[in-house]
Structure formats: structure tokens, C-alpha cells
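Fold and contact review
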Amino acid sequence: MDQKLPYYMAYPMPLLYDDERVDRRDFEYMKSLYPATAKRLLPLIEEECDRMEYDCSMMYDEYPDKLQLQLMGRRIYDKAVKDEKEPGEWLRDLIQVMLYQELYKRRSDRRKYSRKYW
């Protein structure tokens, strides 16, 4: 009974952490299906999120300040209206929704990657 088990039997769940890769791939695929207007806005939204992504950023607060989120949306909107002929309230609403989705994904990723397993 002193037999050694093969590696794959000793550690039977090699794809345990593969879910994150699958989630990321699925998220990227869904973004590729966005309508044309949303695809034009996406780089602006990602740029603003990149700018706000640092340690102790308000975007990682447990409850981000609504006014700060609206200001982020406003900065994106101001950049986006340069290209639009007749920007309407729908554009501002779309930016806010996409911004919140991007913030959610980044916050979720940060929680996943900052876990300590010991």
C-alpha cells in the first residue's frame, strides 16, 4: 500500500481556476456583439476606467459615490459628443450603463485576484 499516485490522481482538479479564463473570454465575446454606437463608446469608457484604476480609487469603494460616477460618465459623454451629430439623453444613459458594467467587471476581477489563499 505504499504506492505513489500519479500526479493527475493526486490533484484531480487541474481546471479548478479555469473558470476565470472562461468568464473573461465570454465577457469579451459579448462585448464584440455590441451595436455600432456602443462599440464606438467602449474605448472611451475603458480609457476613463483605466485612468481611475489605482490603489484606493473611489471605483473600488464598497459603495462608490454616485456623484463621482456621474462625473466619470460626464467626461466620457463630453468626449463622445464631439463625434455625434445629435446627441440625446439616450447617449448619456447608454454611457452610464456601460460604465457601470465596466466598473462591475473590474471590481469583480480585483476581488478575485486579490484573494489570499493561506
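Quick notes on the rules
- Residues numbered from 1 in each chain as written.
- Predicted model: local features only at pLDDT ≥ 70, side-chain atom pairs only at ≥ 80, totals over all residues.
- Heavy atoms only, no water.
- Salt bridge = Lys/Arg side-chain N within 4 Å of Asp/Glu carboxyl O.
- Helix = DSSP H or I, 4+ residues; strand = E, 2+ residues; numbered from the N terminus.
- Buried < 20%, exposed > 50% of the residue type's maximum accessible area, 1.4 Å probe, protein only.
- Axes fitted to C-alpha atoms, helices over the stretch in contact; angles between N-to-C directions.
- Parallel < 35°, antiparallel > 145°, perpendicular 65-115°, else oblique.
- Contact = heavy atoms within 4.5 Å.
- Nonpolar A, V, L, I, M, F, W, Y, C, P; charged D, E, K, R; others polar.
- Left-handed = near helix turned anticlockwise from the far one by under 90°.

**Here's the deal with the pattern of salt bridges**
Taken as a whole and assessed by the stated rule, the structure comprises 15 salt bridges. In this structure, the salt-bridge partner of Arg75 is Glu48, at a minimum N-O distance of 2.7 Å. Here the residue Arg75 occupies a position in helix 4 (residues 66-80), and Glu48 occupies one in helix 3 (residues 36-52), the gap between them amounting to 27 residues. Classification of Arg75 as partly exposed rests on a relative accessible area of 31%. The exposure class of Glu48 is buried, given its relative accessible area of 2%. Between Asp78 and Arg74 there is a salt bridge, and its shortest N-O distance comes to 3.2 Å. You can see Asp78 and its partner Arg74 sitting in helix 4, four residues apart, about one turn around the helix. Sharing partners across several salt bridges, the network here consists of Arg24, Glu28, Lys31, Glu46, Asp50, Glu53, Glu102, Lys105, Arg106 and Asp109.

**Looking at the packing of helix 2 (residues 19-32) against helix 5 (residues 89-113)**
Running from amino to carboxyl end, helix 2 crosses helix 5 at an angle of 170°, the nearest separation of the two axes being 13 Å. With respect to each other, helix 2 and helix 5 are oriented roughly antiparallel. Counted together, Glu20, Asp23, Arg24, Phe27 and Lys31 of helix 2 and Gln101, Glu102, Lys105, Asp109, Lys112 and Tyr113 of helix 5 form the full contact between these two elements. Taken together, the residues that form the contact of helix 2 with helix 5 break down as two nonpolar, one polar and eight charged.

**Here's the deal with the packing of helix 4 against helix 5**
Across the interface, helix 4 lies against helix 5 with an axial gap of 9 Å and an inter-helix angle of 125°. On the basis of their axis angle, the class for helix 4 and helix 5 is oblique. Seen along the crossing, helix 4 lies across helix 5 with a hand that is right-handed. Residues Leu69, Gln70, Met72, Gly73, Arg74, Ile76, Tyr77 and Ala80 of helix 4 form the contact with helix 5, whose own contacting residues are Leu91, Arg92, Ile95, Gln96, Leu99, Tyr100 and Leu103. Per-class residue counts for the contact of helix 4 with helix 5 are 10 nonpolar, three polar and two charged.

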